[in-house]
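Results of the structural survey
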Amino acid sequence: MDHDDLSPATRLVALGRAAREPGEQVGAPLTLTSTYHADGPASYGRVANPTWSAFEEALGSLEGGDALVFASGMAAVAAALSLVPHGGRVVVPSAAYNGTLVTLADRSEAGEVVVTQVDITDTDAVVAALDGAAMLWLESPTNPLLDVAEIEVLAAAARERGVVAVVDNTFATPLLQQPLALGADLVVHSVTKYLSGHSDLLLGAVVTGTDEAGRALHERVRRHRQLHGAVAGPMETWLALRGLRTLSVRLERASGNAAVLAERLGGHGAVTRVRYPGFGAMVSIEVAGDADTAERVSAATRVWVHATSLGGVESQVERRRRQPGEPEAVPDNLLRLSVGIEDVEDLWRDLSAALDSATDR
């Protein structure tokens, strides 16, 4: 059945299903096997799995490309970075996901890549940095400063220069932004976060375009997954597909909560800055005080969970500079808020009280 005429919210529910045949199950099956009979479409569990295919169909349709699922978000990041030739230069935001920056720093120290860090809000500077580069790595919004990049302009500039453009779309999700349609070559996701949405699994994904160049990149990434063994567990993939079904309603509720909280936090005396791009469910704030003050806020919440992940149904808060390797561009007193689907008044009372108690207001 052709689903291209359906809205993303409907495709989330309709895709990745079993065939519509009498007696067939409605949901996608969980296939637990390492071995297949010879001479069929699948040869071995590291090569293919029907549960992978169901999830990849759904996510690929949402992003407008072909998806590959990986064992974790970092496995997906590593697969995308494997496209950079030895000694190639990668242009990356100066403040971005810790795992990506640490990986690039390690590879740079080993002499495998050259890294150029940029302020992605300075479009002209980013374009200038692309000359001679092998890859442009973007997050938009960035983690945790929530800066927004002009993806379409930067992707076009990258393509003109033969630079592979990658966008980590974990924060926005394909419901709010489709980087491939804006000219990117690859999209990376930590499926652990919003796509699965329940803080109960590790999974990642890479999505490539469907044109000839996209198919070539897809084959290179697929081969990396197969040979490096960064394969997703069928059970985790099945759970992620189940979580994906409710992405639209979860994100709508969480985003609505985030908008309310961002406005109220802007007027709270214990908050000196609110970082909120105007969409999505991530908000970052800088508290009045130092790192210890921010830590006290995190420890004082009763509803908000003090944790280092994001994108779950529960609201989470963390001071990001507590993590080793977090870039210096991230203020010591910054708290990253992953807003969940709880009642917004409960979230506000809890966070406001924690801010008051931690700053003696």
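Please refer to the structure higher up on the page.
Residues numbered from 1 in each chain as written. Predicted model: local features only at pLDDT ≥ 70, side-chain atom pairs only at ≥ 80, totals over all residues. Heavy atoms only, no water.

1. As for the overall build of the protein
Across its full length, the protein carries 12 helices and 12 strands. Over its C-alpha atoms, taken along the principal directions, the protein stretches across nearly 70 × 55 × 35 Å. For the protein, long-range pairs separated by at least 24 residues make up 67% of all intrachain contacts whose partners lie at least 6 apart in sequence. Computing the positive centroid from 30 side-chain charges and the negative centroid from 47, the protein places the two 3 Å apart. (Helix = DSSP H or I, 4+ residues; strand = E, 2+ residues; numbered from the N terminus. Contact = heavy atoms within 4.5 Å. Lys, Arg positive; Asp, Glu negative; His and termini not counted. Charge placed at Lys NZ, Arg CZ, Asp CG, Glu CD.)

2. Description of the nonpolar core
Core analysis: the largest hydrophobic core is formed by 33 residues, its most contacted members being F55 and L244. Elements supplying a minimum of two residues to this core: α2 (50-63), β1 (66-70), β7 (204-208), α9 (234-244) and α10 (247-265). For this core, the element with the most residues is α2, which contributes six residues. Discounting residues that sit within four places of it in the chain, L244 has contacts with L12, F55, A58, L59, L62, L195 and R250. By size, the runner-up hydrophobic cluster in this structure holds 27 residues, among which are A75, A79, V92 and V206. (Core = buried A, V, L, I, M, F, W, Y, C linked by side-chain atoms within 4.5 Å. Buried < 20%, exposed > 50% of the residue type's maximum accessible area, 1.4 Å probe, protein only.)

3. Looking at the pattern of salt bridges
For the coordinates displayed, the defined rule picks out 16 salt bridges. A salt bridge links R161 to E160; the nearest nitrogen and oxygen atoms lie 3.6 Å apart. With a relative accessible area of 68%, E160 lands in the exposed category. Between E295 and R319 there is a salt bridge; the shortest N-O distance is 2.9 Å. In this pair, E295 sits in helix α11 (residues 291-300) while R319 sits in strand β11 (residues 316-319), placing the two residues 24 residues apart along the sequence. Classification of E295 by relative accessible area gives buried; the value is 18%. R319 sits in the buried class, given a relative accessible area of 10%. Residues joined by salt bridges that share partners form a network here, namely E295, R319, R321, R322 and D332. (Salt bridge = Lys/Arg side-chain N within 4 Å of Asp/Glu carboxyl O.)

4. What about the layout of surface pockets?
Reported here for the largest pocket is a volume of approximately 400 Å³. If you trace the largest pocket, you find 26 residues lining it, with Y97, N143, S190, K193 and L310 closest to the centre. Mapped by element, the contributors of at least two residues to the lining of the largest pocket are α3 (73-81) and β6 (186-190). In terms of residue class, the lining of the largest pocket is made up of eight nonpolar, 13 polar and five charged. Every residue lining the second largest pocket is counted, 15 residues in all, and those nearest its centre are A14, R17, A18, A19 and R20. Classifying every residue of the lining of the second largest pocket by side-chain character gives seven nonpolar, three polar and five charged. (1 Å grid on protein atoms, 1.4 Å probe; cavity = no way out; pocket = protein on both sides within 12 Å on 5 of 7 lines; lining within 4 Å. Points joined across faces, edges and corners; volume = space filled by probe spheres on them. Nonpolar A, V, L, I, M, F, W, Y, C, P; charged D, E, K, R; others polar.)

5. A few points about α11
Turning to α11, its buried residues number three or more, namely A291, T293, A294, E295, V297 and S298. Its side-chain oxygen placed 3.2 Å from the backbone nitrogen of D292, D290 serves as the N-cap of α11. (Polar contact = N/O pair within 3.5 Å; in protein donor to acceptor, adjacent residues only side chain to side chain.)

6. Observations regarding the environment of D290
With respect to the element layout, D290 can be found in the loop between β9 (282-287) and α11. Taking relative accessible area as the criterion, D290 reaches 43% and is therefore assigned partly exposed. Along the chain, D290 and D332 lie 42 residues apart, while their C-alpha atoms are 6.6 Å from each other. Among the polar contacts made by the side chain of D290, one reaches the main-chain amide nitrogen of D292 at a distance of 3.2 Å.

7. Comments concerning the sheet that holds strand β2 (residues 88-93)
Here seven strands make up an open sheet; going across it, the order is β1-β7-β6-β5-β4-β2-β3 and the pairing mixed. Edge positions in the open sheet fall to β1 and β3 (113-118), since each of these has one partner strand only. Recorded for the sheet is a direction-independent mean angle of 20° between the axes of neighbouring strands. As paired strands, strand β4 (residues 135-139) and strand β5 (residues 164-168) are joined by five bridges and run parallel to one another. Across the sheet, residue L138 finds its bridge partner in β5, namely V167. On top of the sheet, helix α6 (residues 151-160) reaches β4 and β5; it is set at about 170° to β4, its chief contact. (Pairing = 2+ DSSP bridges. Axes fitted to C-alpha atoms, helices over the stretch in contact; angles between N-to-C directions.)

8. A few points about the sheet that holds strand β8 (residues 271-275)
Read from one edge to the other, the open sheet built from five strands follows the order β8-β9-β12-β11-β10, with strand pairing classed as mixed. In this open sheet, the two strands that pair with only one neighbour each are β8 and β10 (305-306). For β8 and β9, the ladder comprises four bridges, and the chain directions are antiparallel. The partner of V274 across the bridge, within β9, is I285.

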